[in-house]
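Working through the structure, step by step
So the chains spell out like this:
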Amino acid sequence: MLPRRAAIWALGAYALALGLIALWPVPVDRDASGFLAQWLQDLHRGGVPRWFDYAVVEFTANVILFFPLGALVARILGPRYWWGGVATGFLLSVLIEFAQFALLPARFASAADVAANTLGALLGALLARALMARGNAVRKRRPARTL
């Protein structure tokens, strides 16, 4: 498991990257929209169901984007307060969507983004909690060191 100090530094770097992505004046996937459309058409021609569309790709990308936030915050807060990663993901997502709505006319605020972001934070926090619990169990099974 990542040491707490390293998790704090990683969270700082992650927050910077997330801020750039979330508050960029135009959608970050704007230049890739043609590629994404072609890729989805190719997938559909290859047998992937039509329900797998841009909305699913965007939702999944948001889940993945917020996974580290939930994991890092849960690691920093510890196993007892792992849920803080979920709460942070939800609150930060609401703030981002509000900022996009109020300040960035080319961006689109979305409740679906809040749901996807929160789900990503939840999954990350649950993984961190499981890893912390596993680490605690391993430490408890080790015999005490004697000199």
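Glancing now at the overall build of the protein chain. Within the protein chain, the secondary structure is distributed over 5 helices and 0 strands. In sequence order, the secondary structure elements of the protein chain are arranged as α-α-α-α-α. A compact globule built from 147 residues would reach a C-alpha radius of gyration of about 15 Å, whereas the protein chain, at 19 Å, exceeds it by more than 25%. With the principal axes as the frame, the protein chain shows a C-alpha extent of 65 × 40 × 20 Å. Residues counted as buried form 29% of the 147 residues belonging to the protein chain. Considering only residue pairs separated by 6 or more positions, the protein chain has 73% of its internal contacts joining residues 24 or more positions apart. For the protein chain, the exposed surface amounts to about 9,800 Å²; the carbon and sulfur share of it is 70%. The positive charge centre, built from 15 side chains, and the negative charge centre, built from 7, are 27 Å apart in the protein chain.

Each pocket or cavity is described by its volume, and for the largest pocket that value is around 500 Å³. What lines the largest pocket is a set of 22 residues, among which Val28, Asp29, Glu58, Asn62 and Arg107 lie closest to the centre. For the lining of the largest pocket, the elements supplying multiple residues, two or more each, are α1 (4–23), α3 (54–77), α4 (83–103) and α5 (111–141). Per-element accounting of the lining of the largest pocket gives the leading share, 7 residues, to α3.

On to α1. Between the first and last C-alpha of α1 there are 28 Å, a value that for 20 residues agrees with the 28 Å anticipated at 1.5 Å per step. For α1, every residue scored as buried is listed here: Ala7, Tyr14, Leu18 and Ala22. One face of α1 carries all of its buried residues, which in axial projection span an arc of 65°. Of the residues in α1, the exposed ones pointing more than 90 degrees away from the buried face are Arg5, Trp9, Ala13 and Leu16. On its buried face, α1 is in contact with α3 and α4.

As a further point, take the packing of α3 against α4. The description of two helices packed together rests on the angle between their axes and the distance between the axes. In the contact formed by α3 and α4, the axes pass within 7 Å of each other and the chain directions differ by 135°. Between α3 and α4, the interaxial angle falls into the category oblique. Between α3 and α4 lies a crossing whose hand is right-handed. Taken together, the residues of α4 that come into contact with α3 (itself represented by Phe66, Leu69, Gly70, Val73, Ala74 and Leu77) are Gly84, Gly85, Thr88, Gly89, Leu92, Ser93 and Ile96.

Once that is clear, we can look at the nonpolar core. Counting residues in hydrophobic clusters, the biggest one holds 10 residues: Ala7, Tyr14, Leu18, Ala22, Phe66, Leu69, Leu72, Val73, Ile76 and Ile96. Secondary structure elements with two or more residues in this core: α1 and α3. Sort the elements by how many residues they give to this core and α3 lands first, with 5 residues. Excluding residues that lie within four positions of it along the chain, tyrosine 14 makes contacts with Leu65, Phe66, Pro68, Leu69 and Leu72.

About the thresholds
Per chain, the residues get numbers from 1 upward, laid out in the order the sequence is written. Predicted model: local features are reported for residues with pLDDT of at least 70 only, side-chain atom pairs are reported and counted for 80 or more only, and whole-chain, interface and lining totals are derived from all residues. Water and hydrogen atoms play no part in the side-chain values, which are based on all heavy atoms of the structure. Each helix corresponds to a stretch of at least 4 residues labelled H or I by DSSP, and each strand to a stretch of at least 2 residues labelled E; elements are numbered beginning at the N terminus. C-alpha atoms define the radius of gyration in this analysis, and the globule rule sets the expected value at 2.2 Å times the number of residues to the power 0.38. Under the scheme applied here, a residue whose accessible area is under 20% of the maximum for its type counts as buried, over 50% as exposed, and between as partly exposed, the area being computed with a 1.4 Å probe on protein chains only. Contact criterion: two residues are considered in contact whenever any of their non-hydrogen atoms come within 4.5 Å of each other. What sets the accessible areas is the Shrake-Rupley method with a 1.4 Å probe; for residues, cover comes only from the shown protein chains. For the purpose of counting charges, residues Lys and Arg are taken to be positive, whereas Asp and Glu are taken to be negative. His and the chain ends are not included. Think of each charge as sitting on NZ of Lys, CZ of Arg, CG of Asp or CD of Glu. Cavities and pockets were defined on a 1 Å grid built from protein atoms only: a cavity is a group of points that admits a 1.4 Å probe but offers it no way out, a pocket is an open group of points flanked by protein on both sides within 12 Å along at least five of seven lines, and a lining residue is one with an atom within 4 Å of any such point. Grid points are joined across faces, edges and corners, and a volume is the space filled by probe spheres set on the points. Working rule for helices: expected span equals 1.5 Å times residues minus one. For this quantity, the arc is that covered by the directions from the helix axis to the C-beta atoms. Orientation is described by lines fitted to C-alpha atoms, with helices fitted over the stretch in contact, and by angles between N-to-C directions that extend from 0 to 180 degrees. Angle categories: roughly parallel below 35 degrees, roughly antiparallel above 145, roughly perpendicular from 65 to 115, and oblique for all the rest. In this scheme the handedness of a crossing depends on how the near helix is turned from the far one: anticlockwise by less than a right angle means left-handed, clockwise means right-handed. Residue types Ala, Val, Leu, Ile, Met, Phe, Trp, Tyr and Cys, when buried and joined through side-chain atoms within 4.5 Å, form a set referred to as a nonpolar core.

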